[in-house]
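Working through the structure, step by step
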Amino acid sequence: MKKLFVIMFVIVSVGVVSGRNAFSESRSFLVGVEDISYYPHYSIKDNEYVGFVREVFDAFTKNHGYKFTYKPLPVMRLHRAFIKGELDFVYPNNPEWLTELKKDSQIRYSIPLVNVIDGVMVLPENKGKGLQHLKALSTMIGFTLPAYENLIKSNKVRISEGYKFDGVLKSVIKKHSDGAYLTVDCAIYHLREVFRNPEALVFDPELPYDVAPHLLSTIRHPEIISDFDAFITQNKALTDQLK
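Since the model is a prediction, treat every value here as computed from it, not as a measurement.

Considerations on the overall build of the protein
On a plain count of helices and strands, the protein comes out with 9 helices and 14 strands. Relative to its full complement of 243 residues, the protein shows a buried share of 44%. Carbon and sulfur atoms make up 50% of the accessible area of the protein, which totals about 13100 Å².

This is the structure in structure tokens:
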């Protein structure tokens, strides 16, 4: 993927508050992001937030004169910090994720930046065998599985969780679980670029899957979400090019 590097210089004449530029303070925001390798969407490399999402955010902040600083956190800690008011924004987010945690919060969500397919990766020989062969499912800690919620509650599917894509995929390859519930394009990327074995697992579209919009979210700054919605709507050609 061709990376976009943006260097932005803002020169203004405004007052100083407590030794800081009042303009920059009001237009600088802390964005909580997932500390996982979710490439090509996003990842943390050499302490930098990188990938498609970062390039879109760079274009957006350059366009509006904002500054985003990124704080990577494990998924559950990320959303708890957001609800506690420690972050200005979180990406990705979705109203259907962690509903119990967020039930008392007034969260403003953007329009989707992307819609991803979250589905089950299986061994090639198990593709098409159906739910009767899916007893143990692995996924990432903090992931929500709407398509499997009832099966999990009724103990028809057992869930194991991991911190890294690699470990979740390996659990299926080593036959410790029957399938890995992950974002499909990220799983395919990991199999191809990290494992160097693109055919080790395949997506089974006959098993239940979810289409999950990834949204920018905030409690503090709904006006910035409005700006982001307008930017995404008006710059579809740019986002398509970055994809």
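There's more to say after this.
A short note on the nonpolar core
Ranked by size, the top nonpolar core spans 56 residues in total, and within it Phe57, Tyr91, Leu113 and Leu182 carry the most contacts. The residues touching leucine 182, leaving out its near neighbours within four places in the chain, are Ile117, Asp118, Gly119, Met140, Phe143, Phe165, Val168, Leu169 and Ala187. If you look at the next biggest cluster of nonpolar residues, it comprises 9 residues, including Leu73, Leu78, Phe82 and Ile107.

Digging into helix 7 (residues 184–194)
All of the buried residues in helix 7 are Val184, Cys186, Ala187, Tyr189, His190 and Leu191. Considering only its buried residues, helix 7 is in contact with strand 9 (114–122), helix 6 (165–173), strand 12 (179–183) and strand 13 (202–203). Arginine 196 occupies a position one or two residues after helix 7 and carries a positive phi of about 55°.

Things to note about the environment of serine 154
As for its position among the elements, serine 154 is in the loop between helix 5 (149–153) and strand 11 (158–162). Judged by its relative accessible area of 39%, serine 154 falls in the partly exposed class. At a separation of 2.9 Å, a polar atom in the side chain of serine 154 contacts the main-chain carbonyl oxygen of asparagine 150.

Looking at the packing of helix 6 against helix 7
Contact geometry for helix 6 and helix 7: axes closest at 11 Å, N-to-C directions at 85°. When the axes of helix 6 and helix 7 are compared, the pair comes out roughly perpendicular. Side by side, helix 6 and helix 7 meet where Phe165, Asp166, Leu169 and Ile173 of the first sit next to Cys186, Ala187, His190, Leu191 and Val194 of the second. Looking at the contact of helix 6 with helix 7 residue by residue, the classes come out as 7 nonpolar, 1 polar and 1 charged.

Remarks on the packing of aromatic side chains
Summed over the entire model, instances satisfying the criterion amount to 21 aromatic pairs. When the ring of phenylalanine 60 is compared with that of phenylalanine 68, the centres are 6.1 Å apart and the planes differ by 55°; the resulting orientation is tilted. An identical accessibility class is assigned to phenylalanine 60 and phenylalanine 68; each is buried. The ring of tyrosine 39 has lysine 45 lying over it, and the distance from NZ or CZ to the ring centre is 4.4 Å.

Digging into the environment of proline 198
With respect to the helices, strands and loops of the structure, proline 198 is situated in the loop between helix 7 and strand 13. For proline 198, a relative accessible area of 49% gives the class partly exposed. As a C-alpha pair, proline 198 and isoleucine 188 span 10 residues in sequence and 6.7 Å in three-dimensional space. If near-sequence neighbours (up to four positions away) are discounted, proline 198 is found in contact with Leu191 and Arg192.

Notes on the pattern of salt bridges
In this structure the tally under the stated criterion is 8 salt bridges. One salt bridge connects aspartate 58 with arginine 54, and the closest N-O pair in it is separated by 2.9 Å. Remark: arginine 54 and aspartate 58 occur in helix 2 (residues 52–64); sequence separation between them is 4 residues, near one turn of the helix. Residue classification places aspartate 58 among the buried residues on the basis of a relative accessible area of 11%. Its relative accessible area of 19% is what places arginine 54 among the buried residues. The residue aspartate 240 makes a salt bridge to lysine 236 at a minimum N-O spacing of 2.8 Å. Of the two residues, aspartate 240 and lysine 236 both sit in helix 9 (residues 236–242), 4 residues apart, roughly one turn of that helix. Residue lysine 236 is classed as exposed on the basis of its relative accessible area of 52%.

Calculation notes
- Residues numbered from 1 in each chain as written.
- Predicted model: local features only at pLDDT ≥ 70, side-chain atom pairs only at ≥ 80, totals over all residues.
- Heavy atoms only, no water.
- Helix = DSSP H or I, 4+ residues; strand = E, 2+ residues; numbered from the N terminus.
- Buried < 20%, exposed > 50% of the residue type's maximum accessible area, 1.4 Å probe, protein only.
- Areas by Shrake-Rupley, 256 points an atom, 1.4 Å probe, with all protein chains shown as cover.
- Core = buried A, V, L, I, M, F, W, Y, C linked by side-chain atoms within 4.5 Å.
- Contact = heavy atoms within 4.5 Å.
- Polar contact = N/O pair within 3.5 Å; in protein donor to acceptor, adjacent residues only side chain to side chain.
- Axes fitted to C-alpha atoms, helices over the stretch in contact; angles between N-to-C directions.
- Parallel < 35°, antiparallel > 145°, perpendicular 65-115°, else oblique.
- Nonpolar A, V, L, I, M, F, W, Y, C, P; charged D, E, K, R; others polar.
- Phe/Tyr/Trp six-rings, centres within 6.5 Å; stacked < 30°, edge-to-face > 60°.
- Lys NZ or Arg CZ within 6 Å of the ring centre and 35° of its normal.
- Salt bridge = Lys/Arg side-chain N within 4 Å of Asp/Glu carboxyl O.

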